[in-house]
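# Chains, contacts and geometry: an overview
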Amino acid sequence: MAGFLGMSALREKPLEARIWEAVGGWRQLEGDIFGLGWSVEALDFSAAKTVDWARSFHPDSLEICVNFAGHGLVRAGKQSTLFLPGCFGFYALRRDGLEATRSGGESNRFLTFEWSRSCLAKELEGLEDNLMAAVRKWLAGQCQDPLVGRSRPLPGYWGHAWNHWVSPDLPGRARSLWFWGRALELAGAVLFEDSPPRSEQRRRWNGRRWTERAQEYLRAHLAEPLCLKSLAREVGCSPFYLSRIFSDHVGETLPAYLRRLRIEKAAQLLRDGDHNVTEAAMAVGYSSLSHFSKAFCRIMGCCPCVYPNPARLVR
């Protein structure tokens, strides 16, 4: 929480105060983008004409807008997002390339939660793998292009009352902590990959469960011929689906997986010294020594007759 310390030290006349003087309604609620690396600002104004919103964006920063009234548009090349009332989203800038406007002829009321790239990268350290790929690259300095994230509706449990957001009923430092926590909460809501829907989560869970059951069954019956229909019946899903998900989860087809299990077991029997080649082949389900030898050579790298000491091979 390094960014929380000393957050009440504000600059006397921030750039935004001068930029928004023409329309008024700008307030800095907490933080300092230059000194602390983050800031929360409130805008509440009406303008007769369209306002150039992008003038207030800071270089090398990411901004999350929570829009309560009016319409805003942010664009970077072919990327764009429209901020409707009751929506929130993010955009990020390195140097330039972002265009943004607020609609004229209507009331505009919104909050911006701003992060410097270095401050946000520090706060999200260790969580990079779960970030959106574009955000991860931008934070790491591997992307010079601006970012425009899609906007989404505010969750109902956050509350949509303007006063609740700009004037939380908390004393002194607790109020600062509230804004700091809300800034982190918003970053967590918009910068990370979406969780898969419940149906997708269940499908993945079932896939893992059925794959594990199939592996257990094959290990226990490795000397028996592979019958996909029988195996699928034991596992509890269709033969076609089992064949597909097994390859996805294990990285091998069912026949290749069973073949490897058999050869690894045969190699163990040969190492133990209690079986000759014919006995080891028969013990793991091979009736043809030639097929067994070919499979053994392919997987173990030498013929079964010289395993486990290939140096015995006559040159």
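Above this text is the structure in question.
Below, the structure is looked at part by part. Within each chain, residue numbers correspond to sequence positions counted from 1 in written order. For this predicted model, a pLDDT threshold of at least 70 governs which residues receive local features, and a threshold of 80 or more governs which side-chain atom pairs are given and counted, while totals over whole chains, interfaces and linings are taken from all residues. Excluded from the side-chain calculations are hydrogens and water; all other atoms, namely the structure's heavy atoms, are used.

## Let's talk about the overall build of the protein chain
- Here a helix means four or more residues in a row that DSSP labels H or I, a strand means two or more in a row labelled E, and each is numbered from the N terminus. Tallying secondary structure elements over the protein chain gives 11 helices and 11 strands in all.
- In terms of overall dimensions, the protein chain has a C-alpha envelope of 90 × 45 × 40 Å along the principal axes.
- Taking all 315 residues of the protein chain together, the buried fraction comes to 43%.
- Contact criterion: two residues are considered in contact whenever any of their non-hydrogen atoms come within 4.5 Å of each other. Restricting to contacts in the protein chain with at least 6 residues of sequence separation, those with at least 24 account for 66%.
- Throughout, the Shrake-Rupley method with a 1.4 Å probe supplies accessible areas, and for residues the shown protein chains are the sole cover considered. Surface exposure of the protein chain reaches about 16800 Å², of which carbon and sulfur atoms provide 51%. Any residue under 20% of the maximum accessible area for its type is buried, any over 50% is exposed, and the rest in between are partly exposed; the area is computed with a 1.4 Å probe on protein chains only.

## What to know about the side chain of R152
- Within the secondary structure, R152 sits in strand β11 (residues 152–153).
- Polar contacts, as counted here, are pairs of nitrogen or oxygen atoms within 3.5 Å of one another; within protein the pair requires one atom able to donate a hydrogen and one able to accept it, and residues that are adjacent in sequence qualify only if both atoms are side-chain atoms. Here the side chain of R152 touches A189 through a polar contact of 3.1 Å, landing on its backbone oxygen.
- When near neighbours in sequence (up to four residues on either side) are disregarded, R152 contacts G86, C87, F88, M132, A189, V190 and D194.

## Quick word on the sheet that holds strand β3 (residues 51–52)
- Overall, antiparallel pairing links the 4 strands, which are arranged β3-β8-β5-β6 in an open sheet. Because the sheet does not close on itself, it has two edges, and the strands there are β3 and β6 (79–83).
- Pairing analysis gives 4 bridges linking strand β5 (residues 72–76) to strand β8 (residues 99–102), with the strands arranged antiparallel. Along β8, the bridge assignment pairs V74 with A100. In this scheme, strands are said to pair when DSSP sees at least two bridges between them.

## Describing the pattern of salt bridges
- Note on definitions: salt bridges are taken to be side-chain nitrogens of Lys or Arg within 4 Å of carboxyl oxygens of Asp or Glu. The tally for this structure, following the rule as stated, stands at 7 salt bridges.
- Linking R260 and E252 is a salt bridge whose minimum nitrogen-to-oxygen distance equals 2.8 Å.
- What emerges from the salt-bridge pattern is a single network uniting D60, R94 and R117.

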